[in-house]
Amino acid sequence: AESGGVQAHLGNGSKIEGKLTFDGSVQIDGHVEGEIQAQDAVLIGEKAVINATITAGTVIVKGKVTGDVTARTRIEM
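Predicted, not measured: the structure shown is a model, and the values here were computed from it.

I'd like a description of the overall build of the protein, backed by residues and values.
For the protein, the count of helices and strands is zero helices and eight strands. Starting at the N terminus, the α and β elements of the protein follow one another as β-β-β-β-β-β-β-β. By the compact-globule yardstick of 11 Å for 77 residues, the protein fits well, its C-alpha radius of gyration being 11 Å. Reported as C-alpha extents along the three principal axes, the dimensions of the protein are approximately 25 × 20 × 20 Å. Expressed as a percentage of its 77 residues, the buried residues of the protein come to 38%. Counting contacts in the protein only where the partners sit at least 6 residues apart, residues at least 24 apart contribute 8% of the total. Here the protein has roughly 4,300 Å² of accessible surface; of this, 44% comes from carbon and sulfur atoms. Both charge centroids of the protein, one from 7 positive and one from 10 negative side chains, sit 4 Å from each other.

This is how it looks when you write it as structure tokens:
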């Protein structure tokens, strides 16, 4: 995304519970419950279902997000 592309990807069909921390950017197309933190961007894909608190530089939401979203730079929905 912002700093040279996505460093991590959670694909469609992935189901994760807990705290996820990323040094760079991440794209999520699966199901996450818990907390997501990224230094750069979090991209939520169209089929993603997120029940989590998200904190990142940029958050781009195309799927379903339930929870608090905090971005240092911007949020796109």
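Could you give me a rundown of the nonpolar core, with the residues and numbers involved?
Across soluble globular proteins, nonpolar side chains show a tendency to be buried alongside one another. Core analysis: the largest hydrophobic core is formed by 17 residues, its most contacted members being I28, V32, I36, V42, I44, I50 and I54. Contributing elements (two or more residues each) for this core: β2 (15–22), β3 (26–28), β4 (31–38), β5 (41–44) and β6 (49–61). Per element, the largest residue contribution to this core is six residues, and it comes from β6. Beyond its immediate stretch of four places on either side in the chain, I50 contacts I28, G30, V32, I36, I44, K64, V65 and T66.

Let's hear about the environment of T73: which residues, and what values?
Tracing the backbone through its elements, the reader meets T73 in strand β8 (residues 69–76). Using a relative accessible area of 55% as the deciding quantity, one classes T73 as exposed. A sequence separation of 33 residues divides T73 from D40, and the C-alpha atoms of the two residues are 9.4 Å apart.

Describe the environment of Q39, and please don't skip the residues or the numbers.
On the secondary structure map, Q39 appears in the loop between β4 and β5. In this structure the C-alpha to C-alpha distance between Q39 and D23, which are 16 residues apart in sequence, comes to 5.3 Å. Each residue touching Q39, except ones within four places of it in the same chain, is listed here: F22, D23, G24, G57 and R72.

Before we move on, can you summarise the environment of A8 with the specific residues and values?
Here A8 is to be found in strand β1 (residues 8–10). By relative accessible area, which is 21% here, A8 ends up partly exposed. When the C-alpha positions of A8 and V42 are compared, they lie 9.8 Å apart, and in sequence the two are 34 residues distant. Those residues in contact with A8 that lie beyond four places of it in its chain are F22, S25, V26 and Q27.

Reading the values: the criteria
Residues numbered from 1 in each chain as written. Predicted model: local features only at pLDDT ≥ 70, side-chain atom pairs only at ≥ 80, totals over all residues. Heavy atoms only, no water. Helix = DSSP H or I, 4+ residues; strand = E, 2+ residues; numbered from the N terminus. Rg over C-alpha atoms; globule rule 2.2 N^0.38 Å. Buried < 20%, exposed > 50% of the residue type's maximum accessible area, 1.4 Å probe, protein only. Contact = heavy atoms within 4.5 Å. Areas by Shrake-Rupley, 256 points an atom, 1.4 Å probe, with all protein chains shown as cover. Lys, Arg positive; Asp, Glu negative; His and termini not counted. Charge placed at Lys NZ, Arg CZ, Asp CG, Glu CD. Core = buried A, V, L, I, M, F, W, Y, C linked by side-chain atoms within 4.5 Å.

All quantities given are derived from atomic positions and should not be read as evidence of function.
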